[in-house]
Number of protein chains: 4
Amino acid sequence: MSQTKKTQIISAAKQLLAEHGIENIKVNDIVKQAGVAQGTFYLYFRSKSALIPEIAAELIGELLQIQREKLSQVVRTSDKIDIIIDTSFEVSRSYRGLLSLCYSGLAINDELSEWERIYEPYKTFIEEILEAGKAEGEVTQQIATSSAAQMMISLIEETTERVHLHEDETEVPHEKEQLRTFLKRALLHV
Amino acid sequence: MSQTKKTQIISAAKQLLAEHGIENIKVNDIVKQAGVAQGTFYLYFRSKSALIPEIAAELIGELLQIQREKLSQVVRTSDKIDIIIDTSFEVSRSYRGLLSLCYSGLAINDELSEWERIYEPYKTFIEEILEAGKAEGEVTQQIATSSAAQMMISLIEETTERVHLHEDETEVPHEKEQLRTFLKRALLHV
Amino acid sequence: MSQTKKTQIISAAKQLLAEHGIENIKVNDIVKQAGVAQGTFYLYFRSKSALIPEIAAELIGELLQIQREKLSQVVRTSDKIDIIIDTSFEVSRSYRGLLSLCYSGLAINDELSEWERIYEPYKTFIEEILEAGKAEGEVTQQIATSSAAQMMISLIEETTERVHLHEDETEVPHEKEQLRTFLKRALLHV
Amino acid sequence: MSQTKKTQIISAAKQLLAEHGIENIKVNDIVKQAGVAQGTFYLYFRSKSALIPEIAAELIGELLQIQREKLSQVVRTSDKIDIIIDTSFEVSRSYRGLLSLCYSGLAINDELSEWERIYEPYKTFIEEILEAGKAEGEVTQQIATSSAAQMMISLIEETTERVHLHEDETEVPHEKEQLRTFLKRALLHV
DNA sequence: CATGAATGAGAGTTCATTCAT
DNA sequence: TATGAATGAACTCTCATTCAT
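Below is a short write-up of the structure. Everything quoted here is computed from the prediction, not taken from an experiment. Positions within a chain are numbered from 1, following the residues in the order the chain's sequence is written. Lettering for chains starts from A, numbering for ligands starts from 1, and both go in the order in which the items are written. Given that this is a predicted model, residues contribute local features only at a pLDDT of at least 70 and side-chain atom pairs are listed and counted only at 80 or more, while totals for whole chains, interfaces and linings are drawn from all residues. Only hydrogens and water are set aside when side-chain values are computed; all heavy atoms of the structure are taken into account.

## Points about the packing of aromatic side chains
Move 1: By convention, a stacked pair of Phe, Tyr or Trp rings (six-membered ring in the case of Trp) has centres within 6.5 Å and planes under 30 degrees apart, an edge-to-face pair has planes over 60 apart, and any other such pair is tilted. Within this structure, the stated rule accounts for 18 aromatic pairs over all chains.
Move 2: Ring plane angle 50° and centroid distance 5.1 Å describe the contact between Trp115 of chain A and Tyr119 of chain A, whose orientation is recorded as tilted. Highlighted residues: Trp115 of chain A and Tyr119 of chain A, both in helix H7 (residues 112-135), separated by four residues, approximately one helical turn. You'll find Trp115 of chain A and Tyr119 of chain A in the same group, each marked buried.
Move 3: Plain terms: the ring middles of Phe41 of chain D and Tyr42 of chain D are 5.1 Å apart, the flat faces sit at 65° to each other, and that makes the pair edge-to-face.
Move 4: With relative accessibility at 0%, the residue Phe41 of chain D sits in the buried group.
Move 5: Three or more aromatic residues joined by ring pairs make a cluster, and in this case those are Trp115, Tyr119, Tyr122 and Phe125 of chain A.
Move 6: Charge-over-ring placement is defined geometrically: NZ (Lys) or CZ (Arg) within 6 Å of the ring centre, and within 35 degrees of the ring normal. Lys176 of chain A extends its terminal NZ or CZ atom over the ring of Phe89 of chain A, reaching a point 5.5 Å from the ring centre. Working definition: helices are DSSP H or I runs of at least four residues, strands are E runs of at least two. Numbering for both runs from the N terminus. Between buried and exposed lies partly exposed: a residue is buried under 20% and exposed over 50% of the maximum accessible area for its type, with that area taken using a 1.4 Å probe on protein chains only.

## Re the protein's contact with DNA strand E
Move 1: In these notes, residues near a molecule or strand are those with any non-hydrogen atom within 4 Å of it. With respect to spatial proximity, 33 residues lie near DNA strand E, and among them Thr40 and Tyr44 of chain A, Lys48 of chain B together with Thr40 and Tyr44 of chain C are the closest.
Move 2: Among the atoms of DNA strand E close to the protein, meaning within 4 Å, 66% are from sugar or phosphate groups.
Move 3: Within the side chain of Gln38 of chain B, a nitrogen or oxygen atom sits 3.1 Å from a base oxygen of DNA strand E.
Move 4: Polar contacts here mean pairs of N or O atoms no more than 3.5 Å apart (in protein, one a potential hydrogen donor and the other a potential acceptor; neighbouring residues in sequence count only if both atoms are side-chain atoms). One of the side-chain nitrogen or oxygen atoms of Lys48 of chain B is found 2.7 Å away from a phosphate oxygen of DNA strand E.
Move 5: All residues other than Ala, Val, Leu, Ile, Met, Phe, Trp, Tyr, Cys, Pro, Asp, Glu, Lys and Arg, Gly among them, are scored as polar; the first ten of these are nonpolar and the last four charged. Classifying every residue of the surface near DNA strand E by side-chain character gives 14 nonpolar, 13 polar and six charged.

## Here we look at the protein's contact with DNA strand F
Move 1: Near DNA strand F, the surroundings consist of 33 residues, among which Thr40 and Tyr44 of chain B, Gln38 of chain C together with Thr40 and Tyr44 of chain D are the closest.
Move 2: Among atoms of DNA strand F positioned within 4 Å of the protein, sugar and phosphate together represent 65%.
Move 3: Separating a base oxygen of DNA strand F from a side-chain N or O atom of Gln38 of chain A is a distance of 3.0 Å.
Move 4: One of the side-chain N or O atoms of Lys48 of chain C is found 2.9 Å from a phosphate oxygen in DNA strand F.
Move 5: Looking at the surface near DNA strand F, the elements with two or more residues in it are helix H3 (38-44) of chain A, helix H1 (2-20) and helix H3 (38-44) of chain B, helix H3 (38-44) of chain C together with helix H1 (2-19) and helix H3 (38-44) of chain D.

## Describing the interface of chain A and chain B
Move 1: Contact residues are listed per partner, giving 36 residues for chain A and 37 residues for chain B.
Move 2: Note on chain A versus chain B: buried area summed over both sides is about 3300 Å², and carbon and sulfur give 61% of it.
Move 3: Any carboxyl oxygen of Asp or Glu that lies within 4 Å of a side-chain nitrogen of Lys or Arg is treated as forming a salt bridge with it. Here chain A and chain B share zero salt bridges between them.
Move 4: For the pair chain A and chain B, the interface holds 13 residue pairs in polar contact (both at pLDDT 80 or more). A contact between two residues is defined here by any heavy atoms of the two lying within 4.5 Å. What counts as buried area is the accessible surface, traced by a 1.4 Å probe, that two parts surrender upon association, with contributions from both included.

The structure is reproduced here in structure tokens:
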């Protein structure tokens, strides 16, 4: 029941965050939207900026879980990349720019290590995929797994957010295809 | 002379911005650093947030100019990519995190098109390089020039910023090398 | 209790207003005088200028209530006019220039209708008196009740304020007498 | 020629004053409208608030001059009152509320004596008319000339401004008639 | 746990005035 | 005389945070 309040606050914040930026949201807005009292916010969050990491972690968690499920039966790295791109586009669509807002929110408050901590499980997940791909001989050995994972994540994220910030949905398939080609050329054997 | 004041303000702001991030800087700090009066700021900028695009434009301009010079005698696209990466790392080092702060500043202010307008000349520059590379048969035809340029820019920018935000300078050469490999695999013929 | 804060603010404002005039008062002064925090002001008033109508309404309310009481047993219109003039002088004395300051405050803010809304009950009150006087044959039929009421109010207000702004209290009885004569000649049968 | 600049400033100020209130006009607006430089303002006016009395004096001067002309051939006080009312309505219409804005402008800056000094010639003018009327036996002796003049001026001014602030021009003739009746009953013998 | 009135430091912005040219 | 860039004190309003209930 009390957990309900926290959940209410987080989802209210997610909603508002997606609509405005972090600096344009007041705690007051969040609690109003959540239907709780001003003071209640501080029962669950040390401060306003402590809210961001929690949201970011939740988003990453969702993405990770979805991808884990979808990839469970897939064998070829090439197919895995397709699925990762597809799911990223889907999740990103529902949270238009939310992640990049979280990012800048954290960057602003100089808590970048926090950001890395949050991203860590996802990065590990991608690294495992690439490592497996290397073992299978599908993924090139030319690039270190860690760097490859990082670049892959960045590129997918940047592209999905950019595409979704543009209102033009017709571009999505084309951009997705370009991304796919780019990534596979970079990562997979010819 | 009056242009001097504006210049003073911009460079003071650039300096502070690189250290603190947009939301942590007060107009007061900027003018103090610039050695001008509070009101003078508003003679040249409509508001605090109107400052960001101007700075961003200047940075992109600098980067563009440097790269244009360095590339003037270079023929092979592969070499061009090397140089672009190198100069990006250099410029990015002197403005630690500035670009991403600009980015978040703009994203927050919903001035996405402004941002694109500012970035446009640089994107065109990269596109021309890729187009030339295609004509020479060095760059793959598999990826549309526009998308390729965008992804290339994003990836370089993201990597440089990430690397420089980490204080560990020893990683730089390795990450640079990884990026180089990644990009060339993606863009060039084998 | 929370209503207390608002009351404190209003009476602090009334006090300062009577001394200084609206444009010369800082919100800071008001809250200091009221013994509340700066932010508390904005809990109860949307802005500084939103304060004026509330004060004006209160003053009119006070005046109306006092006059209603004093007139309850009075029969002749002539006597009523005397009492209205007397009470107006008294109330006006304790709020030197306050009403005209309210007026200019409102005029400046183009909220004329707001001003009329506030004055409405008082005007109705005076109209009823004149109407009754007409029925009794004491008040002339030559002037429409609405216009007569308006002119009567304006004249009394203008005179009281003018007299009180002059520091010379010795003039009061004479001016009062002049006003009385003027009004009765205009309104009553010979 | 240099007098031109001052004239330009005054008439720009009059125009803006009529549209907005005194507190809403910036020196900057005035000089822009007048087509002169910021500094030029201070060649002709000690400060912003020194502008108001000059404007007020000009307005009163105009009114006085017009009325003097129109009344030169008129004999009966009753007719004079008619003409005074008519001309006041006309002048007031072209300067919607300007006088009352001047008034509050001065009231705000505690320069009430200034205000009286400006009004003095007009008051004298009205007093002379009433005095003459008394000599002729047309004006009642019951009211002191000074008080009568003051009340007459106030009432006319208040009424014209009130009527003109209301956008409804159809009411004008009726209100004028009411005012005429009111004043004559108060001042003239039956 | 929950509330929400109260807080108050602090920031952005304005604008009358000045002064070197 | 005329200019207009520069000034900087002053003021309103915001909003994260607290705490008595």
